[in-house]
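Inside the fold
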Amino acid sequence: MRVSGSRPGDRGRRTAALVVGGVLVGAGAAACSGGAGPQGKDEVKLAVSPDGGGKLRPDSPIAVEARQGTIENVTVATRAGAVEGDLSADRTRWRSRWTLKPGTEYTVQATALGRDGRTRTVRSGFSTAEVKKTNDVTIEAPFNKETVGVGIPIIVHFARAVKDRAAVERALEVTADKTVEGGWSWFGSQEAVFRTKSYWPAHTKVSFRAHLSGVRTGQGVYGGKDYGVDFKVGDSHVSTAGEDSHKMVVRINGRKARTIPTSMGKGGERKYTTTNGVHLAMGKEDPTIMTSEWDGCGPGCAGYYSLTVYKSVRISDSGEYVHSAPWSVGSQGSENVSHGCINVSPSNAKWFYNLSQRGDPITVTGSDRELDAENGWGYWQVKWQDWVKGSALKRSVTTAAHVDAATLSAQRGAKPKAPEKQRAEGN
């Protein structure tokens, strides 16, 4: 398959190299040059790396370079699937975009056009080494094909500690049909989280790809495979619950949809004080058993309770929910009597439960107990500049689809510039 145009010399079409299943060549059966006859001063010199040899580490890149000419196309053949790459704006260098798959054979064919108008083709074959230790991944959120709220993070858990976080972060790609600024931040050595600078615009389609196969995450440990999810941001549901006002205002796509009387944490003890700040809906449970045993207070303990609760939306890991509380309806709107949850009436709980999506923001105000960033999905508690500092690469990214430099140059008819960043709409 041709990857930089429909024929040699077609330079106005897509130049990112993709491709192909096909013929396989053993590691030692490589040819690193092509063409015949003596080289003139205007004849292109073309080199492919690696050019064969023993088993390579999977994080070794594939590179093609042309001198005294330009690269016309690059084709990579492997049973493992497509190989993507980037062509420089002057079409003299091509490099694979992601790491390679362990234990895989590759063949590369590259063609370049010299200043003398003649083409030259180079072929190379090599294989990557098997790996003994892999670092498996779990994506906590979002689920594939899930419709989520505007505050949703992308949460990636690694089974083993990540030593080279920068290498891992370079392999994580978020694209969307709306350009939004976001960034990765690390919590410990095994969790990477992506968050946008402002809430996602409603009705955004998002793709997340973790190109981790072959990424060296530690000494002798590599990513074993790639991962990916596609999800959609639904309507904007943003709620604000006042600990002192005893009400929760719910807005749908910016418009006030309902004002709900509430009763929140009664205080007295810290654990009975509702946490202050930006929470996210983490899941829904109907019913759920709420008990004081999680805090070490079992039957016979002063203050012991065990309740079956309906229409519950979880908003933290410290036992906080928005849920139906028929026993406190008389206090809702006027007094805080709960153990820390946001109590609402059965009818309001049913409406809120049916509305809620994972990632919907619920901001609590007026409390003196601040939500910790690692209590559930409290990531919006981190200021943006501090969030970016938590990146191994110390930078933000945009969700714009990747465009290689040569294509960008051809589209603009000028020297390529970095894609402009657009700020996500606030909610």
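Structural data are supplied above this passage.
All residue numbers refer to position in the chain's written sequence, counted from 1. Totals for whole chains, interfaces and linings use every residue, but because this is a predicted model, local features are given only for residues with pLDDT of at least 70 and side-chain atom pairs only at 80 or more, for both listing and counting. Water and hydrogen atoms play no part in the side-chain values, which are based on all heavy atoms of the structure.

1. Things to note about the nonpolar core
Within the largest apolar cluster, 46 residues are counted, with the highest numbers of intra-cluster contacts made by Phe158, Trp184, Trp200, Phe208 and Leu212. Two residues form a contact once any of their heavy atoms are found within 4.5 Å. Sequence-distant contacts of Trp184, that is, excluding residues within four places in its chain, are made with Ile154, Val156, Glu169, Leu172, Val174, Ala192, Val193, Phe194, Phe208, Trp387, Gly390 and Ser391. Among the nonpolar cores identified, the runner-up in size contains 20 residues, and Val64, Val74, Tyr106 and Val122 belong to it. Joining through side-chain atoms within 4.5 Å is the link that ties buried Ala, Val, Leu, Ile, Met, Phe, Trp, Tyr and Cys residues into a set, and such a set is a nonpolar core. Burial classification: accessible surface area is computed with a 1.4 Å probe over protein chains only, and a residue below 20% of its type maximum counts as buried, one above 50% as exposed, and the rest as partly exposed.

2. Description of the pattern of salt bridges
When a carboxyl oxygen of Asp or Glu lies within 4 Å of a side-chain nitrogen of Lys or Arg, that pair is called a salt bridge. Per the counting criterion, the structure on display carries 15 salt bridges. A salt bridge links Glu84 to Arg97, with the shortest nitrogen-to-oxygen separation between them at 3.0 Å. Placement of the pair is Glu84 in the loop between strand E3 (69-77) and strand E4 (85-87) and Arg97 in the loop between strand E5 (93-96) and strand E6 (105-114), with a sequence separation of 13 residues. The exposure class assigned to Glu84 is partly exposed, which follows from its relative accessible area of 27%. Exposure remark for Arg97: the relative accessible area of 18% places this residue in the buried category. Residues Arg209 and Asp230 are paired through a salt bridge, measuring 3.1 Å at the closest nitrogen-oxygen approach. Taken together, the positions of Arg209 in strand E15 (residues 205-210) and Asp230 in strand E18 (residues 227-233) put the pair 21 residues apart, joining distant regions of the chain. Connected through salt bridges with shared partners, the residues Glu84, Asp86 and Arg97 form a single ionic network. What counts as a helix is a DSSP run of H or I of at least four residues, what counts as a strand is a run of E of at least two, and both are numbered from the N terminus.

3. What about the pairing of strand E27 (residues 321-324)?
Only strands joined by at least two bridges in the DSSP assignment are considered to pair. Pairing of strand E26 (residues 312-314) with E27, which is carried by 2 bridges, proceeds in the antiparallel orientation. Within E27, the residue paired with Arg314 across the bridge is Tyr321. Counted between consecutive antiparallel strands, the loop separating E26 from E27 contains 6 residues, among which Gly319 sits at a positive phi close to 85 degrees. Of the pairings in the sheet, the one linking E27 to strand E28 (residues 342-344) comprises 3 bridges and is parallel in character. Directly across from His323, in E28, lies its bridge partner Asn343.

4. Topic: the sheet that holds strand E2 (residues 63-67)
Taking strand neighbours across the sheet as the criterion, the 4 strands line up as E1-E2-E5-E4 in an open arrangement whose pairing is antiparallel. Only two strands of the sheet have a single partner each, and these edge strands are strand E1 (45-49) and E4. Neighbour-to-neighbour, the strand axes of the sheet open up by a mean angle of 10 degrees, direction not taken into account. Across 3 bridges, E4 lies against E5 in antiparallel orientation. In the strand pairing of E5, Gly85 is matched with Ser96. Here the axes come from fitting lines to C-alpha atoms, over the contacting stretch only for helices, and the angles between their N-to-C directions go from 0 to 180 degrees.

5. Overview of the environment of Gln332
Within the fold, Gln332 resides in the loop between E27 and E28. As for Gln332 and Ile342, which are separated by 10 residues in sequence, their C-alpha atoms are 9.5 Å apart. In this view, Gln332 contacts Pro261, Thr262, Ser263, Ala325, Asn343, Val344 and Ser345; residues no more than four positions away in its chain are not counted. Throughout this description, a polar contact denotes any pair of N or O atoms lying within 3.5 Å of each other; where both atoms belong to protein, one of them has to be capable of donating a hydrogen while the other can accept it, and for residues adjacent in sequence the pair is counted only when both atoms sit in side chains. A polar side-chain atom of Gln332 sits 3.0 Å from a polar atom in the side chain of Ser328. Within the structure, Gln332 has its side chain in polar contact with the backbone oxygen of Val344 (distance 3.5 Å).

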